Amino acid sequence: MQAILLVGGQGTRLRPLTISTPKPMLPVAGYPCTSHQIARAADAGVTRIVLGTSYRAEVFEDYFSQHNEFDMDIHYAVEDEPLGTGGAIRNAAQFLTCGPDDPVIIFNGDILTGLDITGLVERWRESNADVALYLTRVDDPRAYGLVPTDETGRVLAFKEKPTTPEEIVTDQINAGCYVFKRSVIDRIPADRVVSVERETFPELLETDARVIGVVDDGYWLDLGTPLAFSKGSADLVRGIAPSPLLEGSIGDSLVKSGTSVHPSASITAGSYIGNGVSVGENAIIEGSVIYDNATIAAGAQVIRSIVGDSASIGTHARITETVVAEGASLGAHNELNPGARVFPNAVINDSAIRFSSDR
Ligand code: GTP
């Protein structure tokens, strides 16, 4: 089986973490999201995968030329200018070798999921579909693309990000994984920007193509925002989100080697502590991601937050639902509240701020 992974987005909602690293390459529970996805695809029988890259395309090839433990045939379809999700699929198809009637699995690069990938392909095949979409149900669908279906699973409409209550016609949303018949990909216009959600899917419905939705109620999370990102990492660490890369290392926290953690420090709720991190006396780290060589000083509290490479959090500082990017330093007794973002290498002096903003 062959697959395309869409990994060319700018990841603006995760800035400043995505200034130097594209979102799908940010480590979650110690591995780039893309690695978790490739591992799951390999488990489902995928042997050839094309990464549709654009923003910071070089980071992917640099990493996977050194880290291909999956025995996967990985190809890179680089867009000089971002082609949008549909344009990226079309551009990546040049590296597929399957026939026109064969299935191609397509994943958004920023979702964590327990989807039964093989089951989705089976449903595509049984239904003789042009496209099968993975759908999940959410309590508040306003931020997503809604996909109502009839009783046979046939897709009735695509409604991108509803704004009025009347537009919320279902709780089923596009969960960011599809199976396309190869020949349907070849019909997407080449060399221009195309949105698969706004253009390709509605056009397929207009032309009576067979598009089916497959609801899977297993684990699903879009890692697009800082809060979702730290939750996704914590869910992987605790085994709530499945990844073949973490089998055998599931627990309440994941602490890598070469760290110095004071015995009185508390590290809980799925926190991940990278290589070379130092955690001081009575520090509290809860549901957070601490990247390599960061320092969490004595008495500091880091709650549902992300602390970048070599960043430091001062004594008795407290951060909640905050991003502190690489190399930044937060002085003693500072307090950052939900939504705060500290840019790379910024220095905030002791007790300088108590800051909060929108998420
Ligand atoms: P935000 O800027 O925070 O919305 O994130 P994003 O840029 O990743 O956009 P979004 O989450 O909507 O994208 C969904 C998936 O499609 C992600 O995996 C992106 O990497 C990918 N993607 C979005 N636009 C493009 C594109 O123009 N080219 C390629 N190759 N991938 C894209």
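Please refer to the structure higher up on the page.
Below you will find a few notes about this structure. (Residues numbered from 1 in each chain as written. Predicted model: local features only at pLDDT ≥ 70, side-chain atom pairs only at ≥ 80, totals over all residues. Heavy atoms only, no water.)

Let's talk about the overall build of the protein chain
Inference 1: For the protein chain, the helix and strand inventory stands at seven helices and 31 strands.
Inference 2: Against the compact-globule benchmark of 21 Å for 359 residues, the protein chain has a radius of gyration of 21 Å, which places it among compact chains.
Inference 3: In terms of overall dimensions, the protein chain has a C-alpha envelope of 65 × 50 × 35 Å along the principal axes.
Inference 4: By residue count, 54% of the 359 residues in the protein chain fall in the buried class.
Inference 5: Taking the contacts inside the protein chain whose residues are at least 6 apart along the sequence as the reference set, 51% of them involve residues at least 24 apart.
Inference 6: As displayed, the protein chain has an accessible area near 14900 Å², and 45% of this comes from carbon and sulfur atoms.
Inference 7: Taken together, the 28 basic and 47 acidic charged side chains of the protein chain have centroids lying 3 Å from each other. (Helix = DSSP H or I, 4+ residues; strand = E, 2+ residues; numbered from the N terminus. Rg over C-alpha atoms; globule rule 2.2 N^0.38 Å. Buried < 20%, exposed > 50% of the residue type's maximum accessible area, 1.4 Å probe, protein only. Contact = heavy atoms within 4.5 Å. Areas by Shrake-Rupley, 256 points an atom, 1.4 Å probe, with all protein chains shown as cover. Lys, Arg positive; Asp, Glu negative; His and termini not counted. Charge placed at Lys NZ, Arg CZ, Asp CG, Glu CD.)

Digging into the site of the ligand
Inference 1: In the region of the ligand, 19 residues are neighbours, and Leu6, Thr12, Glu79, Gly84 and Gly109 sit closest.
Inference 2: Gly9 is positioned with one of its backbone polar atoms (N or O) 2.8 Å from an oxygen atom of the ligand.
Inference 3: Here Thr12 contributes a side-chain N or O atom positioned 2.5 Å from an oxygen atom of the ligand.
Inference 4: Isolated, the ligand exposes 620 Å² of accessible area, and the fraction of that covered by the protein chains is 81%.
Inference 5: Broken down by element, the residue count for the shell around the ligand peaks at three residues, all from helix 3 (residues 84-92).
Inference 6: Across the shell around the ligand, the residue classes tally to five nonpolar, ten polar and four charged. (Near = heavy atom within 4 Å. Polar contact = N/O pair within 3.5 Å; in protein donor to acceptor, adjacent residues only side chain to side chain. Nonpolar A, V, L, I, M, F, W, Y, C, P; charged D, E, K, R; others polar.)

Observations regarding the sheet that holds strand 17 (residues 271-273)
Inference 1: Strand order across the open sheet formed by six strands is 14-17-20-23-26-29, with parallel pairing between neighbours. Each end of this open sheet is capped by a strand with a single partner; those strands are strand 14 (253-255) and strand 29 (341-342).
Inference 2: Here strand 17 pairs with strand 20 (residues 289-290) via two bridges, running parallel. Looking at strand 20, one finds that Tyr272 is bridged to Val289. (Pairing = 2+ DSSP bridges.)

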